[in-house]
Amino acid sequence: MRRSVVLSQWLLSAATISLVLASHAFAQQQQIAPPNYDESKVPAYELPDPLVAQDGQVIDTVELWTQKRRPEILELFKHEMFGVAPEADLSKIAFEETKTVDNALGGKAIQKEVRVYFDAPNPTPCIDLLIFIPKGLDHPAPAFLMPNFQGNQTTTDETSVTAYEANDKARNKDKDLESLRGVAKSRWAFEKIIDRGYAIATCHYEQIDPDYDDGFKNGVHPLFKNFDINASDYTSTIGAWAWGLSRALDCLETIPEIDAKHVIIAGHSRLGKTALWCGASDERFAGVISNDSGCGGAALSRREFGERVDRINASFPHWFTKKFHEYGDKVNELPIDEHELIALIAPRPVYVASAQEDQWADPKGEFLSALNAEPVYALFGLPGLGVTEQPEVNTPVGKTIRYHVRTGGHDVTDYDWEQYLNFADEEVVGK
């Protein structure tokens, strides 16, 4: 009888604790204001000047930018937003070709599948790269590297593509991996890309690091020798994804059929944020594409339009550093903003794309970031957008910095890919 009473008391205590925690979480959510979709309510703000150093020196030469100001801004993004660069044993990175198909995509392409081990000889963590390479070229193919959200098999109906899942199965434990084949194929213009002479590589992003707040116990974080969960600038999940995509580039550099000097890193939504950081921190990438990346990506934080810093940190606490969480209600105190993330990519070409109905991602804020990165590109004598006002829908603008806002919502479409291929031809490869 006594045991039953104690158990009942324990259950009551546990229920009370759960109720208190739930109430606290609800209270935190209540403190976050609803999203703003009214331009008249965008607060006054002043952007940090990418061409003024922390000591006040005006940056007016490429040499000063490269040797002084760029390293300053890069360090600020590391410590304030994405986290310090991971220290890992790169001697344990290994590649294993697991499949080759000579006549994929209706005979247009060679399909390769390569497993990238992050801690060889341990089998996990790893990523499985799906690569399509045009057939019949007399030169190595330039390439796009773009991670996917649900698994390689979701990107195509091709039955030859192996169905892979994330290393951590918590999010997909009840899903039949084969049933997901082709569900996201509308986002992947594989044949169009192949027809234009480009290779494309993709992998499931959660194979690098799971996309939920797990205390950084799974994925690649345990491999980082300098990871400290108590540090304000620990390597975030976006930082880990970017690191993993750099290891994917290491792999592409070993494939003779691919021109590794002309690999464009691309991403959509949270992976657009990742692509920007990956391209900024790894200068081997020849170009960068951000598709609907929004808050924490291409959109200016200080505009507080659509998704804001407080909301994104509450919803996805693992994406950014602990330090970034401090700016939820004081974004004007950020020593950086997203135009400087784009500026870090200079002089390499960058494409920022928005969607008219995707107000959550603040299309105007994405345009303004690209616009305010122009002075850095101008140091290199490179043309930017060529306009000062956001263009009409479906009207791409710009050269080395390029931008469009298309009709439709939060997605990647054939229209987007057509623009990215033109951009790659004209600005990255120089056809």
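Now for a quick tour of the structure. Bear in mind that the values here come from a model prediction, so they are computed numbers and not experimental data. (Residues numbered from 1 in each chain as written. Predicted model: local features only at pLDDT ≥ 70, side-chain atom pairs only at ≥ 80, totals over all residues. Heavy atoms only, no water.)

1. A short note on the overall build of the chain
How we decide: The way it works is that DSSP assigns letters per residue, a run of H or I at least four long becomes a helix, a run of E at least two long becomes a strand, and they are numbered from the N terminus. Only C-alpha atoms enter the radius of gyration, while the globule expectation follows 2.2 Å times N to the 0.38, with N the number of residues. We call two residues in contact when some of their heavy atoms are within 4.5 Å. Computed by Shrake-Rupley with a 1.4 Å probe, the accessible areas treat only the displayed protein chains as cover when residues are assessed. Positive charges are assigned to Lys and Arg, negative charges to Asp and Glu, while His and the chain termini are left out of the count. One atom stands in for each charge, and that atom is NZ of Lys, CZ of Arg, CG of Asp or CD of Glu.
Summing up its helical and strand segments, the chain has ten helices and ten strands in all. For 431 residues, the compact-globule formula gives about 22 Å, and the C-alpha radius of gyration of the chain, at 22 Å, lands near that figure. Taking the principal axes of its C-alpha atoms as reference, the chain extends roughly 85 × 55 × 40 Å. Relative to all contacts within the chain whose residues are 6 or more apart in sequence, the contacts with residues 24 or more apart total 70%. In the form shown here, the chain has an accessible surface area of approximately 17900 Å², with 52% of it arising from carbon and sulfur atoms. Distance between charge centroids for the chain: 4 Å, based on 42 positive and 65 negative side chains.

2. A short note on the environment of Asn291
Heads up, the rule is: With a 1.4 Å probe rolled over the protein chains alone, any residue whose accessible area is under 20% of its type maximum counts as buried; one over 50% counts as exposed, and the rest are partly exposed. We define a polar contact as two N or O atoms separated by no more than 3.5 Å, with the added condition that, inside protein, one atom must be a possible hydrogen donor and the other a possible acceptor, whereas residues neighbouring each other in sequence contribute only through side-chain atom pairs.
Structurally, Asn291 can be placed in strand S7 (residues 287-291). Judged by its relative accessible area of 1%, Asn291 is buried. Taking the C-alpha atoms as reference points, Asn291 and Leu276, separated by 15 residues in sequence, lie 10.0 Å from one another. In this structure, Asn291 is in contact with Gly267, His268, Ser269, Ala353, Asp411, Val412, Asp416 and Tyr420, ignoring residues within four places of it in sequence. In this structure the side chain of Asn291 is engaged in a polar contact, spanning 2.9 Å, whose partner is the backbone oxygen of Asp411.

3. Quick word on the state of the cysteines
Rules: Note on terminology: disulfide denotes any pair of cysteine sulfur atoms within 2.5 Å.
Taken as a whole and assessed by the stated rule, the structure comprises zero disulfides. Cys251 provides the cysteine sulfur closest to Cys203, a residue in no disulfide bond, and the two sulfurs are 10 Å apart. Left without a disulfide partner, Cys278 is nearest to the cysteine sulfur of Cys203, which lies 10 Å away. Taking relative accessible area as the criterion, Cys278 reaches 0% and is therefore assigned buried.

4. Some points on the environment of Phe380
Structurally, the position occupied by Phe380 is in the loop between helix H9 (374-379) and strand S9 (397-398). Residue Phe380 is classed as partly exposed on the basis of its relative accessible area of 24%. Put simply, Phe380 and Ala314 are 66 residues apart on the chain and 39 Å apart in space, counted from C-alpha to C-alpha. When near neighbours in sequence (up to four residues on either side) are disregarded, Phe380 contacts Val62, Trp65, Thr66, Ala346 and Pro347.

5. A closer look at helix H5 (residues 270-281)
Structurally, the α-helix is built with 3.6 residues per turn, so residues lying three or four positions apart point the same way. Worth spelling out the cut-off: To estimate the expected span of a helix, count its residues, drop one, and scale the result by 1.5 Å.
The first and last C-alpha atoms of H5 sit 17 Å apart over twelve residues, in line with the 16 Å expected at 1.5 Å per residue. Among the residues of H5, those classed as buried are Arg270, Leu271, Gly272, Lys273, Thr274, Ala275, Leu276, Trp277, Cys278, Gly279 and Ala280.

6. Structural notes on helix H10 (residues 414-429)
To keep things clear, this is the line we draw: To obtain the bend at a residue, axes are fitted to the seven residues ending there and to the seven starting there, and the angle between these axes is taken.
Phe423 marks where H10 bends most, by close to 30 degrees. Considered for burial, the residues of H10 that qualify are Asp416, Trp417, Gln419, Tyr420, Leu421, Phe423, Ala424, Asp425 and Val428.

7. A short note on the pattern of salt bridges
How we decide: Salt bridges are defined by distance alone: a side-chain nitrogen of Lys or Arg within 4 Å of a carboxyl oxygen of Asp or Glu.
One pass over the full model with this rule turns up 31 salt bridges. Between Glu427 and Arg402 there is a salt bridge whose closest N-O contact spans 3.4 Å. Here Arg402 lies in strand S10 (residues 401-406) and Glu427 lies in helix H10, a separation of 25 residues in the sequence. For Glu427, a relative accessible area of 21% translates into the label partly exposed.

8. So, the packing of helix H4 (residues 237-252) against H5
We count it as follows: A fitted line through C-alpha atoms serves as each axis, taken over the contacting stretch for helices, and the angle formed by two N-to-C directions is quoted from 0 to 180°. For a crossing to be left-handed, the near helix must be turned anticlockwise from the far one by less than a right angle; the clockwise case is right-handed.
Contact geometry for H4 and H5: axes closest at 9 Å, N-to-C directions at 65 degrees. Pair H4 / H5 crosses with right-handed handedness. Here Ile238, Gly239, Trp241, Ala242, Leu245 and Ser246 of H4 lie close against H5, whose contacting residues are Arg270, Leu271, Lys273, Thr274, Trp277 and Cys278.

9. Description of the nonpolar core
A general trend in soluble globular proteins is that nonpolar side chains are found buried together. Counted only if it meets this: Nonpolar core, defined: a set of buried Ala, Val, Leu, Ile, Met, Phe, Trp, Tyr and Cys residues in which side-chain atoms within 4.5 Å join the residues together.
Formed by 84 residues in total, the largest nonpolar core has its most connected members in Phe77, Phe118, Leu129, Ile131, Leu145 and Ile258. Looking at which element gives the most residues to this core, the answer is H4, with ten residues. If you look at the next biggest cluster of nonpolar residues, it comprises 28 residues, including Val161, Ile264, Val412 and Ala424.

10. So, the pairing of S7
This is how the line gets drawn: Here a strand pair is declared whenever DSSP counts at least two bridges between the two strands. Handedness of a crossover: with both strands directed away from the viewer, a clockwise path from the first strand across the helix to the second marks it as right-handed.
Extensive coverage of S7 is indicated by the burial of five of its five residues. The alternating pattern of S7 places Gly287, Ile289 and Asn291 and Val288 and Ser290 on opposite faces, both of which are buried. By the bridge criterion, five bridges tie strand S6 (residues 258-268) to S7 in an arrangement that is parallel. Across the sheet, residue Ile265 finds its bridge partner in S7, namely Val288. Viewed along the sheet, the connection from S6 through H5 into S7 turns out right-handed.

11. A few points about the packing of aromatic side chains
Applicable threshold: Each Phe, Tyr or Trp ring (for Trp, its six-membered ring) is paired with any other whose centre lies within 6.5 Å, and the angle between the two planes then decides the class: stacked below 30 degrees, edge-to-face above 60, tilted in between.
What the rule picks out here adds up to 23 aromatic pairs. Ring geometry for Phe224 and Trp243: centres 5.2 Å apart, planes at 75 degrees, overall edge-to-face. Here Trp243 lies in helix H4 and Phe224 lies in the loop between strand S5 (199-202) and H4, a separation of 19 residues in the sequence. As far as the burial class goes, Phe224 and Trp243 line up, both buried. With a centroid separation of 6.5 Å and an interplanar angle of 75 degrees, the aromatic rings of Trp319 and Phe320 are classed as edge-to-face. In this structure Trp319 comes out as buried when scored by relative accessible area, which is 2%. We classify Phe320 as buried; its relative accessible area is 0%. Aromatic rings pair up to connect Phe77, Phe82, Trp277, Phe316, Trp319, Phe320 and Phe324 into one cluster.

12. A short note on the pairing of S10
Most of S10 sits out of view: six of its six residues are buried. On S10, burial covers both faces: Ile401, Tyr403 and Val405 on one face and Arg402, His404 and Arg406 on the other are all buried. Bridge count for strand S8 (residues 350-355) against S10 is six bridges, and the pairing is parallel. Paired with Val352 across the bridge in S10 is Tyr403. Bridge analysis of S9 against S10 gives two bridges, and the strand direction is antiparallel. Paired with Gly398 across the two strands is Arg402, which belongs to S10. In this structure, the hairpin formed by S9 and S10 is closed by a connection of two residues.

It is worth stressing that arrangement in space is one thing and function is another; only the former is reported here.
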